[in-house]
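# Examination of the molecular architecture
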Amino acid sequence: MHGKYTLTKHFWISCAHSVPGAGKCERIHGHNYKVTFCVDGTELDESQMLIDFRQVKHVIEKKYDHHLLNDFPEFNPKVGGAAPSTEKVAEIFFVAIDQLCEQKSNQPTLRWVEVQETNEAFVRFERA
């Protein structure tokens, strides 16, 4: 049968950050980020999965969970990165997950990544 698979998954990570020029958010503070991603494709891999979402979680969690985001070059304007606003966090996480998709033989496509910072605020990053 021919068709298309769509996988949407979320997981949680805890990070601290400081956002220069953002009022009280200039002070170091933390969030339990809800990270949600959507991948689709027409082919499954050798394990009969579009993508192993444990690998996706591991890519983000291994690097960023329980860390100060400002300590990473990609989130440090002093070394060419960008301040870790929720927008930039979503974009950087998108890039990391997209690279994982590109390495897979079945070539799933990452559609979007959402990062929920609080109950009231989240950002979705997707290709233009």
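Our subject in this report is the structure included herewith. These figures come from a predicted structure and were not determined experimentally.

### Describing the packing of aromatic side chains
Following the criterion strictly, the structure yields five aromatic pairs and no others. Ring centres of tyrosine 64 and phenylalanine 72 lie 4.9 Å apart, and the angle between their planes is 65 degrees; on these two criteria the pair is classed as edge-to-face. Across the pair, phenylalanine 72 and tyrosine 64 agree in class, each one buried. Three or more aromatic residues joined by ring pairs make a cluster, and in this case those are Tyr64, Phe72, Phe75 and Phe93. The lysine or arginine in question, arginine 124, covers the ring of tryptophan 112, its NZ or CZ lying 3.7 Å from the ring centre.

### Section: the sheet that holds strand S2 (residues 29-41)
The five strands lie next to each other as S3-S1-S2-S4-S5, forming an open sheet whose pairing is mixed. A single partner strand is all that each edge strand has here, and the edge strands are strand S3 (67-68) and strand S5 (122-126). Note: strand S1 (residues 5-17) against S2, 13 bridges, orientation antiparallel. Considered in S2, the bridge of tryptophan 12 is made with lysine 34. Sitting on the sheet, helix H2 (residues 86-103) is in contact with S1, S2, strand S4 (109-116) and S5, with an inclination near 150 degrees to S4.

### What about the environment of glutamine 99?
Along the chain, glutamine 99 falls in helix H2. Residue glutamine 99 is classed as partly exposed on the basis of its relative accessible area of 44%. In this structure, the C-alpha to C-alpha distance between glutamine 99 and leucine 110, residues eleven residues apart in sequence, is 9.4 Å.

### Structural notes on the pairing of S5
Where S4 and S5 come together, five bridges link them in antiparallel fashion. Note that in S5 the partner of glutamate 114 across the bridge is arginine 124. In this antiparallel pair of consecutive strands, S4 and S5, the connection spans five residues.

### Considering unusual backbone geometry
Phi angles above zero are rare outside glycine, and glutamine 48 is one such case at about 65 degrees. Tracing the backbone shows glutamine 48 in the loop between S2 and helix H1 (53-64).

### Concerning the environment of threonine 86
Take threonine 86: it is sitting in helix H2. Residue threonine 86 is classed as buried on the basis of its relative accessible area, which comes to 10%. Excluding its chain neighbours within four sequence positions, the residues that come into contact with threonine 86 are Val115, Glu117 and Val123. Among the polar contacts listed, one links the side chain of threonine 86 to the side chain of glutamate 117, at a separation of 2.6 Å.

### Considering the pattern of salt bridges
Scanning the model with the defined rule gives nine salt bridges in all. The salt bridge involving lysine 4 is made with aspartate 40; its shortest N-O contact spans 3.2 Å. With lysine 4 in the segment before S1 and aspartate 40 in strand S2, the pair connects residues that are 36 residues apart, well separated along the chain. Residues glutamate 74 and lysine 63 are paired through a salt bridge, measuring 3.0 Å at the closest nitrogen-oxygen approach. Highlighted residues: glutamate 74 in the loop between S3 and H2 and lysine 63 in helix H1, separated in sequence by eleven residues. When its relative accessible area of 37% is taken as the criterion, lysine 63 is described as partly exposed. Via salt bridges that share partners, Lys4, Asp40 and Arg111 belong to a single interconnected network.

Calculation criteria
- Residues numbered from 1 in each chain as written.
- Predicted model: local features only at pLDDT ≥ 70, side-chain atom pairs only at ≥ 80, totals over all residues.
- Heavy atoms only, no water.
- Phe/Tyr/Trp six-rings, centres within 6.5 Å; stacked < 30°, edge-to-face > 60°.
- Buried < 20%, exposed > 50% of the residue type's maximum accessible area, 1.4 Å probe, protein only.
- Lys NZ or Arg CZ within 6 Å of the ring centre and 35° of its normal.
- Pairing = 2+ DSSP bridges.
- Helix = DSSP H or I, 4+ residues; strand = E, 2+ residues; numbered from the N terminus.
- Contact = heavy atoms within 4.5 Å.
- Axes fitted to C-alpha atoms, helices over the stretch in contact; angles between N-to-C directions.
- Polar contact = N/O pair within 3.5 Å; in protein donor to acceptor, adjacent residues only side chain to side chain.
- Salt bridge = Lys/Arg side-chain N within 4 Å of Asp/Glu carboxyl O.

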